[in-house]
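# Breakdown of the fold
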Amino acid sequence: MTKVYDRVALIGLGLIASSMFWAIKRAGVAGEVTGFARSQETRDTARRIGLCDRVCDSAIEAVEEADLVVLCVPVGAMGAVTAEIAPHLKQGATVSDVGSVKRSVIEAVRPQIPEGVNFVGAHPMAGTEHSGPESGFATLFDNRWCLIVPDGASEEATERLERFWQALGANCERMEVEHHDLVCAVVSHIPHLIAYTMVGVADDLSRVSDQEVIKYSAAGFRDFTRIAASDPTMWRDVFLTNKEATLEILGRFTEELFALQRAIRTGDGDELFDYFTRTRAIRRGIIEAGQDTEAPDFGRVKATE
Ligand SMILES: NC(=O)c1ccc[n+]([C@@H]2O[C@H](COP(=O)([O-])OP(=O)(O)OC[C@H]3O[C@@H](n4cnc5c(N)ncnc54)[C@H](O)[C@@H]3O)[C@@H](O)[C@H]2O)c1
Ligand SMILES: O=C(O)C(=O)C[C@]1(C(=O)O)C=C[C@@H](O)C=C1
């Protein structure tokens, strides 16, 4: 594999940055990779496990001479991190991010980027419920989408970033900012909110004990609990910064829920059956398109069945 960048700096050494580092090494797509994390404890862990070629004690030191700087911190922290590093960026460098929301990141970051430096947004659609420097792994991005949001960035810088993500295993797709935030509200943000509330309801229901929730959880509820274990800081920031799109989707979700509630109350079996038939087709479409690599073979049914 040929190198795409000589030096890459990763700011914030959690799940995504650590996975990027291992994937960069696997692909040999960069020369030196520097890293910075805010807490001494994270930097110590990174040094102990060999995460990054050089762990720096300041963000400034990490970005000096870097050709690509990737902001891997919670969405709400991107602006403050940029303010710190902006005066120290190399001319011709690209700054990118991995944030789950794009409009707010672009608004917080781009005005601070000096002339001669590019900002190209990116969002790998891959993750787990784990966080921190020890949670990353090289295959996280394999065959996953990485949404690229150039929003006016130079074509050369955008293409180069796409080559980098492709080397990390991802398939890239370009998206407009607003569309990105709406799509992610549908496929990621609101599903997380629903998982959080579902697990919260189970926890609140005094007639069902914690012991029973743990003991009888079958696959459906277990999947909710996995998602509801995701990092609270990351998800707080997602909802605070993608307010408009998440509220729109939440409004639609609530309407559908009320319609199903009425169908249950009135005993409208046809309404329930038709609804569930439609949603099953969506799941089958995802499997047919090869988008669920963890689905067991018996789940690979024809969408037309
Ligand atoms: N976890 C996922 O599933 C996932 C998937 C795609 C994108 N993302 C996005 O990637 C980013 C990072 O998420 P993650 O899952 O790697 O989180 P993480 O919690 O594993 O890591 C975040 C790191 O940022 C550090 N940090 C927080 N505030 C900081 C600050 N002000 N300055 C410097 N460092 C700071 C934390 O200490 C931590 O090391 C977020 O913006 C998130 O929205 C997450
Ligand atoms: O698989 C998971 O645990 C995830 O939540 C990953 C997931 C998602 O919702 O798909 C979470 C947030 C991101 O911004 C992108 C990916």
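Predicted model, so just to flag it, every value in this text is computed and none were measured.

## Some details on the side chain of S217
- Along the polypeptide, S217 turns up in the loop between α8 (210-216) and α9 (219-228).
- Given the relative accessible area of 18%, S217 is considered buried.

## A word on the pairing of strand β4 (residues 68-71)
- Here β4 shows two buried faces, one formed by L68 and V70 and the other by V69 and L71.
- Bridge count between strand β1 (residues 5-11) and β4: 4 bridges; the pairing is parallel. Across the sheet, residue I11 finds its bridge partner in β4, namely L71.
- By the bridge criterion, 4 bridges tie β4 to strand β5 (residues 94-97) in an arrangement that is parallel. Bridging from a neighbouring strand, L71 pairs with D97 of β5.
- The β-α-β motif built from β4, the intervening helix α4 (residues 78-85) and the parallel element β5 has right-handed crossover chirality.

## Points about the pairing of strand β8 (residues 171-174)
- Across 4 bridges, the pairing between strand β7 (residues 145-149) and β8 is parallel. Paired with C146 across the strands is C172, a residue of β8.
- Crossover handedness for the path β7 to helix α6 (residues 155-167) to β8: right-handed.

## Notes on the side chain of E129
- Relative to the helices and strands, E129 is located in the loop between β6 (118-124) and β7.
- A polar side-chain atom of E129 sits 2.7 Å from a polar atom in the side chain of R226.
- The contacts of E129, once residues within four sequence positions are left out, are R226, A229, S230 and D231.

## A look at the site of ligand 1
- As a structural note, the neighbourhood of ligand 1 is formed by 25 residues, with L15, I16, V73, S100 and G132 the closest of them.
- The backbone of L15 places a nitrogen or oxygen atom 2.8 Å from an oxygen atom of ligand 1.
- I16 is positioned such that a nitrogen or oxygen atom in its backbone is 2.9 Å from an oxygen atom of ligand 1.
- Burial of ligand 1 by the surrounding chains reaches 87%, relative to a free accessible area of 830 Å².
- Where the shell around ligand 1 is concerned, the elements lending two or more residues are α1 (15-27), α4 and β6.

## Some words on the packing of helix α7 (residues 177-204) against helix α11 (residues 243-266)
- Where α7 contacts α11, the two axes come as close as 9 Å, and the packing angle between them is 60 degrees. The way α7 lies across α11 gives a crossing that is right-handed. Along the contact surface, α7 presents D181, L182, A185, V186, H189, I190, L193 and I194, while α11 presents A245, T246, E248, I249, L250 and F253.
- Of the residues assigned to the contact of α7 with α11, the class counts are 10 nonpolar, 2 polar and 2 charged.

## Here we look at the domain arrangement of the chain
- The assigned domain composition of the chain is domain 1 (5-175) and domain 2 (179-288).
- Spacing between the C-alpha centres of domain 1 and domain 2 amounts to 30 Å.
- Every contact between the two is made by 17 residues of domain 1 and, on the other side, 17 residues of domain 2.
- Taken together, both faces of the contact between domain 1 and domain 2 bury some 1300 Å²; the carbon and sulfur share is 67%.
- Here domain 1 is connected to domain 2 by 6 residue pairs in polar contact (both at pLDDT 80 or more).
- Among the residues forming the side of domain 1 that touches domain 2, the class breakdown is 8 nonpolar, 6 polar and 3 charged.

## Here's the deal with a nonpolar patch on the surface
- A surface patch of nonpolar side chains, about 230 Å² in accessible area, is lined by M198, V201 and F224.
- Summarising the element assignment, F224 is placed in helix α9.
- Judged by its relative accessible area of 31%, F224 falls in the partly exposed class.

What counts and what doesn't
- Residues numbered from 1 in each chain as written.
- Chains lettered and ligands numbered in written order.
- Predicted model: local features only at pLDDT ≥ 70, side-chain atom pairs only at ≥ 80, totals over all residues.
- Heavy atoms only, no water.
- Helix = DSSP H or I, 4+ residues; strand = E, 2+ residues; numbered from the N terminus.
- Buried < 20%, exposed > 50% of the residue type's maximum accessible area, 1.4 Å probe, protein only.
- Pairing = 2+ DSSP bridges.
- Right-handed = clockwise from strand over helix to strand, strands pointing away.
- Polar contact = N/O pair within 3.5 Å; in protein donor to acceptor, adjacent residues only side chain to side chain.
- Contact = heavy atoms within 4.5 Å.
- Near = heavy atom within 4 Å.
- Areas by Shrake-Rupley, 256 points an atom, 1.4 Å probe, with all protein chains shown as cover.
- Axes fitted to C-alpha atoms, helices over the stretch in contact; angles between N-to-C directions.
- Left-handed = near helix turned anticlockwise from the far one by under 90°.
- Nonpolar A, V, L, I, M, F, W, Y, C, P; charged D, E, K, R; others polar.
- Domains from an automatic or database assignment.
- Buried area = accessible area lost by both parts, 1.4 Å probe.
- Patch = residues over 30% accessible without salt bridge, like charges linked within 9 Å, V, L, I, M, F, W, Y side chains within 5 Å.
- Salt bridge = Lys/Arg side-chain N within 4 Å of Asp/Glu carboxyl O.

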